[in-house]
Structure formats: C-alpha cells, structure tokens
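Observations on chain architecture
Now for the letters of each chain:
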Amino acid sequence: MLINMEQMLSIAKENKFAVGAYNISNLELMRIVVEQCEEDNAPAIIEVHPTEVFYCKDDFFAYVLQRIKNSSVPFVLHLDHGDNLDSVVRAIHNGFSSVMIDGSLLSWEENVDITRKTVEICHRVGVSVEGELGTIGKTGTAVEDGLQNGIYTNPDDAKRFVEETGVDTLAIGIGTAHGIYPKDVIPKIRIDILDDIVSKVNIPFVLHGGSSNPDDQIAEAVRHGITKVNISSDFKHAFFDKVREVLANDEGWDPNNLFPECLVEGKKVVHHKNELFNSVGKADLYKSVKPWRAEFL
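The text that follows walks through the structure, step by step, so that each part is easy to find. Since this is a predicted model, take the numbers as computed values, not measurements. (Residues numbered from 1 in each chain as written. Predicted model: local features only at pLDDT ≥ 70, side-chain atom pairs only at ≥ 80, totals over all residues. Heavy atoms only, no water.)

Another point: the overall build of the protein. Of regular secondary structure, the protein possesses 13 helices and ten strands. Evaluated residue by residue, the protein yields a buried proportion of 56% over its 297 residues. Sequence separation of 24 or more characterises 77% of the internal contacts of the protein that already satisfy a separation of 6 or more. Taken as a whole, the protein presents about 13,300 Å² of accessible surface, with 50% of it coming from carbon and sulfur. (Helix = DSSP H or I, 4+ residues; strand = E, 2+ residues; numbered from the N terminus. Buried < 20%, exposed > 50% of the residue type's maximum accessible area, 1.4 Å probe, protein only. Contact = heavy atoms within 4.5 Å. Areas by Shrake-Rupley, 256 points an atom, 1.4 Å probe, with all protein chains shown as cover.)

Attention now goes to the environment of Val 270. Structurally, the position occupied by Val 270 is in helix α13 (residues 260-276). The buried category is assigned to Val 270, whose relative accessible area is 0%. As a C-alpha pair, Val 270 and Asp 40 span 230 residues in sequence and 9.5 Å in three-dimensional space. Sequence-distant contacts of Val 270, defined by excluding residues within four places in its chain, comprise Tyr 22, Ile 32, Gln 36, Cys 37 and Phe 235.

This part takes up the packing of helix α2 (residues 27-40) against helix α4 (residues 60-69). The contact between α2 and α4 brings their axes to 12 Å, and the two run at 10 degrees. If you check the angle between α2 and α4, you find them roughly parallel. Contacts between α2 and α4 involve Leu 27, Met 30, Arg 31, Val 34, Glu 35 and Glu 38 from the former and Phe 60, Tyr 63, Val 64, Arg 67 and Ile 68 from the latter. The class makeup of the residues in the contact of α2 with α4 is seven nonpolar, no polar and four charged. (Axes fitted to C-alpha atoms, helices over the stretch in contact; angles between N-to-C directions. Parallel < 35°, antiparallel > 145°, perpendicular 65-115°, else oblique. Nonpolar A, V, L, I, M, F, W, Y, C, P; charged D, E, K, R; others polar.)

Our focus in this paragraph is empty space enclosed by the protein. Counted according to the given criterion, the structure contains two cavities of 30 Å³ or more. Of the volumes computed, that of the second largest cavity is approximately 30 Å³. The wall of the second largest cavity is formed by Val 246, Asp 250, Gly 252, Trp 253, Asp 254, Asn 257 and Leu 258. Tallied by class, residues from the lining of the second largest cavity come to three nonpolar, two polar and two charged. (1 Å grid on protein atoms, 1.4 Å probe; cavity = no way out; pocket = protein on both sides within 12 Å on 5 of 7 lines; lining within 4 Å. Points joined across faces, edges and corners; volume = space filled by probe spheres on them.)

Moving on: α2. An ideal rise of 1.5 Å per residue puts 20 Å on 14 residues; α2 measures up with 20 Å between its terminal C-alpha atoms. Those residues of α2 not exposed but buried are Glu 28, Leu 29, Met 30, Ile 32, Val 33, Val 34, Gln 36, Cys 37 and Asp 40. In this fold, the buried residues of α2 make contact with β1 (19-23), β2 (44-48), α4, β3 (75-82), α11 (233-249) and α13. At the N-terminal boundary of α2, the capping side chain belongs to Asn 26, with an oxygen 3.3 Å from the backbone nitrogen of Glu 28. Following α2 by one or two positions, Asn 41 has its phi on the positive side, about 50 degrees. (Expected span 1.5 Å × (residues − 1). Polar contact = N/O pair within 3.5 Å; in protein donor to acceptor, adjacent residues only side chain to side chain.)

With that settled, the discussion passes to the packing of aromatic side chains. Inspection of the entire model under this criterion finds seven aromatic pairs. Judged by centre distance (5.7 Å) and plane angle (70 degrees), the ring pair of Phe 60 and Phe 61 falls under edge-to-face. Classification of Phe 60 as buried rests on a relative accessible area of 15%. Centroid distance Trp 108 to Phe 161: 5.9 Å. Interplanar angle 75 degrees. Geometry classified as edge-to-face. A residue pair is termed long-range when its members are at least 10 positions apart, and Trp 108 in helix α6 (residues 108-123) and Phe 161 in helix α8 (residues 155-165) qualify at 53 residues. On the accessibility criterion, Phe 161 (0% relative accessible area) is buried. The rings of Phe 60, Phe 61, Tyr 63 and Phe 96 are connected pair by pair, giving a single aromatic cluster. The ring centre of Phe 54 lies 4.1 Å from the NZ or CZ of Lys 57, which sits over that ring. (Phe/Tyr/Trp six-rings, centres within 6.5 Å; stacked < 30°, edge-to-face > 60°. Lys NZ or Arg CZ within 6 Å of the ring centre and 35° of its normal.)

Structure, rendered in structure tokens:
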C-alpha cells in the first residue's frame, strides 16, 4: 500500500516507534527492502536521492509504484535531499508521495523560502514535505572535521522554521554523519538537543546518517522522539561486499546466480534495522489507513 509521509509518521509518533527509510536505485536494492519489510510486517519508506533518480531513470518508478501499491505493507515513496524545485516537480510527476527539500546549506531566509514554496506546491496534491534545519556531517578521510562541521539544530529555530514553512516533518542535526564511520570514530548523538526540540515542536523528526551508528544510540533516539531513520550505506555495504565475494570465486555473469546470496546479506541488515526501530509487526497499525492518492493520478 502506498501512503504519504504524514500518514506514515503520525502513527509511528503516536505509537513510539521509527520507520526505516532505505535508499534504493535499482531492482536488487528495491527487492531487499520490500521483501524483507513484507517478511517483517514492518512499514517502510523507499527513498531515492536526485542522483539516484537520474541513474535509474523515471520509467523505473512505474515498477516501484506497482510493486508497493500491491503490497500488504504500507510504504512511502520519498525523494531524499531534493536539491531544487525541479527535483521536487520531477518526483511529483513520477508519483512520489513525499519529498524532502534540503535548504540546510542556504541562509535562513533562503531555506525558509524554498521550503515554503515546496510545501505550497506539494500540499496541493497531497504530497508530504520534509525540511532540514541544521546539517549532517560526512564520513570519509575527513570524518572528524565533517562531524565537527555539522551544525546542530537550534530548538528555538526549529520551532520558528516549522511555523514559517508548514513542513510535515523535519530532519535535524544532532550529531550523525552520512556514510560509514572509520573504526576509530564513535559518533555521539545529542539526545539533550533532541529532547529540547521535541519539547518545542509537535511534528515527527528525522535522523539522517543512520548507518554505522551504535545501536544503543539509535534505539535511544527512537525512544526520545525520532520517527524516521535514514539508512543507505549499511545495507548497500553488506550487499556489495557479498557481490565482491561471489565474483572473486565465480566467473559467472548471470544475475540469477550472482545476486541471490547478496540479497540475503542485504536483507539481514534491513531486518536488524527494523528490529532496532521497533517497527517489526507495526504494519498492522495501518490497516484502517486509506491508500494515498494524489488528485492528478
């Protein structure tokens, strides 16, 4: 079943669990997420970054929509880190039920302006909008600088931002970074900042950079009000590690032989995340929710 983000996260917020948001850009990654979440009876969000949209092309989403609309499990199809209004309109055209507009690196005025415009466009057709305030760090060779340069979200600014833009959900900066952390780097999620934001703003909150963080910190963030956790690197890493292993031991080139074991490894990660977010079995909470339909579809 296809629903939008407001439908998805209002129930998660009320029942104090989080929904995994998994980035996909091809058939195999899509299968990992959908098949495992169906097995777990867990609601999920299919995320696609603008660069991933460019890679897999618009026609791919006809398959994605057909697959998730016919599922017994509720899914959202969401644009991740939309970089401009063109990306947003393209996502709407492709049938996405939710979009993110990321103006976090812009000035306050510019971020509010583009986010408000996105809300005005999307809400006319029932598409949910995620904004971002504060920034997420980056891992890699400069991971320590990346974490230090990430901007924590000011709770008072979060309240003002939501009031001025009308976003349905907000991605906040509380100490995570995109990517896989080096072994000698242990991130620290600022639960104190999260608590302050939750006390001031009554909408669902999003944790970006959910991969590679200690499980106990993610679980604590969920208990304290995070209702959407973005996962990309962790399950892709498991999938492609197995691809490399299979290719190293087998000169075959048939996807039927290459990918089955790799799908299993990716699914193990998605299952673990669903358990961590306390979303296993929570699809039953959506039985009374009507499938999402935009007016133009």
